[in-house]
Amino acid sequence: MSYDYLTPGVLESTFSAWVRDPNYGFDWHPLLRVRMLKVRKVEKSKNGKMYYRCIGTDGKMSMHMLVADNTGAFDSGSGQVVTANNHSYRLMGGNKPIVTLSNFTIDENEYPPLDVPLVGTLVDSMYSLGIEPNPAHFQSNANSSNQVQKDEPMNDADVKDKDMGNAQGTSAAPQISGYVGGSVPIVKKDLGKQERSAIKPKTESRAIVPLKTVTPYNNRWVIKVRVSDKSKIIHYNRKTTGKLFNVTFVDESGEIRATGFNEQVDNFYDKLEVGKVYYVSGARVNTANKQYSTVKNEFELMFDRSTHIEPSHDDDNSIPVNNYSFVPLDAISELEANSTVDVLGVLTDVQEVTSITTKKGTPFEKRDISLVDDTGYSIRATLWGDKATQFDTNPGTVIAIKGAKVNDFNGRSLSLLNSSSLIPSPDIPESHLMSGWYDSKGKNQDFQAQVDNSSKKEEPKRTTLETVHLENLGYSDEPDYFSVKAMVAVISQNGTLYYPSCPDCRKKLVQLPDNTNWRCENCSKVFEKPFYRYVLSVCLNDETDQIWASAFEESGNIIVGVTANELAELDEKDPELKARKLQEFPRLEYIFRIRAKKDVYNEVERVRFSIVSISKLDYAAEAHRLINDLDMLN
């Protein structure tokens, strides 16, 4: 049975820490979620509270527990799932440890019935984990009997339960809330509102740790961080309804993303302001879901009821506003498509906002901007939604973009995600240097647009079509690139030869009902006539074998000898001439650069070959190549 709905390991972690240190746990409490395996009612205390003696498990370890509840939720027996914001340990008779749960809620959801009487090891002794207990646990507490709080059972006899294996023997000092072994009890004072506000926040008085040390395995931490980004409140309505928000924290060591749901949105959204410094503790640490986050951290925080956030009384200048890892624009072409990147550049062009509609009918606003930097390159970045409509920065301004996605359609470009941030004129040294360069040199400079060089990192090997099949090129997870000297033998006329495209974005146009105009759903523009682009399927032959490959616009022009627009006109004016063009095209040898990529269609795995480029034969170079091959044989 899976116990993922509990908090496996929390009992073992906090119990082992308490065994070593009797005072552990009174200034900080991790969230504990347990399921009750056995429940037995104990008599009421003098103030009318009903107590229950239980055995509960966190999915990994079981312990004796004590809870106070007057709702009757525990009268029905075992099986309750309890979420406790606070829990503490104390000793009962025979040095038996027991967990007291407080500030807890009972989950009303249904869970599978328990099919085992016990989960994990039942902790019946201070020595259960093989750890030598701190001697303070066993010190005499003879003088503390008069300090027992009267809202809990007075001693072990009040909660004894022989059915649960309650050991009889010499009783240690009675342990109550505020006591741990023989240590001094913690006295709780009811403070007035003004007194509470004057107290220094708990988080500020504790040791601060670097953000990069926060992991699921280190849960007693306080971080001092700056808010670098905060999302809007997002309302969702899927299996359940609710709301959430995301925030990014940074310090000198790194960055981390945090998320709050529902009650935590109400508690923390207005409290957290971008640019301000806070002390944060008690948040749950999870493995980051990279599908929704571009923050460079393998973990992320989840706010819950145990989370404490207090503003810092000083604006610590050692904490950066953001943690950037800028990549020069001339290096973007070497990055993998769909990776994320931080860039710094000068804004040179701002396009108008346009609206597009997805296949599901959802409208989106987008805006394209252009950036340049001192490497001599420019790049286009696309803003979406509010980032597009609210963008009002003037050309000539330095802009820092964090977490943009790298696209490889029509050359390299950037796309800002929901988690991306855009900061005009950031107050960082790199920005000031970039501004000075642009004012003195950059504004009068010509820039080179980005192209997709991801497939050009190394010259693809020259091979034969027989070797392509023998080596199973294209069947790996990443596409394979190769070059081959071959000739087009056949152009398939089954299916589409070309398609009506948008002159601006290359997306397919839709003919309007009037049969005269064409509309681009992506650009929301109407055209009198489309720009046709090739999507050919051709058979390539060399002296060893053959393959079928796809050929697109530029490659199609070379193969057929006429453009797709010209062929489309022939289709209307002279269909027979069009057919002859497709049959009598120049059958010449070329050097083809080809990409081989695995594809699954109708649950059948196959390789698709696409022509990346076509080059005419350089006969002198080919002769030298043959000479080199012969020399290698000798």
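Here, every reference points to the structure presented above.
All values reported here derive from a predicted model rather than from experimental measurement. Residue positions within a chain follow its written sequence, with the count starting from 1. Only residues with pLDDT of at least 70 get local features here, since the model is predicted, and only at 80 or more are side-chain atom pairs given and counted; chain-wide, interface and lining totals rely on the full set of residues. Computation of side-chain values covers all heavy atoms of the structure but excludes hydrogens and water.

> When you look at the overall build of the protein in this model, what are you seeing that I'm missing?
Going along the chain from the N terminus, every DSSP run of H or I of four or more residues is numbered as a helix, and every run of E of two or more is numbered as a strand. A tally of helices and strands in the protein yields ten helices and 32 strands. Only protein chains enter the accessibility calculation, which uses a 1.4 Å probe; a residue whose area is less than 20% of its type maximum is buried, one above 50% is exposed, and one in between is partly exposed. When each of the 634 residues of the protein is scored for burial, the buried share is 43%. Taking all contacts inside the protein whose residues are at least 6 apart in sequence as the whole, residues at least 24 apart take part in 64%. As displayed, the protein offers around 34300 Å² of accessible surface, 48% of which is attributable to carbon and sulfur atoms. Contact between two residues is taken to exist if any of their heavy atoms lie within 4.5 Å; hydrogens are not considered. For the accessible areas, the method is Shrake-Rupley and the probe is 1.4 Å, while residue cover comes only from the protein chains on display.

> Sorry, what's going on with the packing of aromatic side chains here?
Given two aromatic rings, one states the distance between the centres and the angle between the planes to describe the pair. Two rings from Phe, Tyr or Trp (for Trp, the six-membered ring) form a pair when their centres sit within 6.5 Å of each other. Planes less than 30 degrees apart are called stacked, planes more than 60 degrees apart edge-to-face, and all others tilted. According to the stated counting rule, one finds 17 aromatic pairs in the structure shown. Centre to centre, the rings of Trp18 and Tyr89 are 5.4 Å apart; their planes meet at 25°, and the pair counts as stacked. Taken as a pair, Trp18 in helix α1 (residues 10-20) and Tyr89 in strand β4 (residues 81-91) lie far apart in primary sequence, 71 residues in all. Assessed through its relative accessible area of 1%, Trp18 is described here as buried. Note on Tyr89: relative accessible area 4%, which makes it buried. Both rings, one in Phe249 and one in Phe303, keep their centres 6.4 Å apart while their planes meet at 50°; by these two values the pair is tilted. A residue pair is termed long-range when its members are at least 10 positions apart, and Phe249 in strand β9 (residues 241-251) and Phe303 in the loop between β13 (299-302) and β14 (308-311) qualify at 54 residues. Taken as a pair, Phe249 and Phe303 share a single burial class, namely buried. Among the aromatic residues, those joined into a ring-pair cluster are Phe245, Phe249, Phe268, Tyr269 and Phe303. One Lys or Arg, Lys230, reaches over the ring of Tyr269 and ends 4.0 Å from the middle of that ring. A ring is scored as having a charge over it whenever the NZ atom of a lysine or the CZ atom of an arginine sits within 6 Å of its centre and within 35 degrees of its normal.

> How should I be thinking about the pairing of strand β30 (residues 546-551) in this particular structure?
Strand residues, when the strand is regular, have side chains that alternate between the two faces of the sheet. Burial along β30 is one-sided: Ile547, Ala549 and Ala551 are buried, while Gln546, Trp548 and Ser550, pointing the other way, are not. Only strands that DSSP links by at least two bridges are regarded as paired with each other. Pairing of strand β29 (residues 536-541) with β30, which is carried by six bridges, proceeds in the antiparallel orientation. Counted as the bridge partner of Asn541 is Gln546 from β30.

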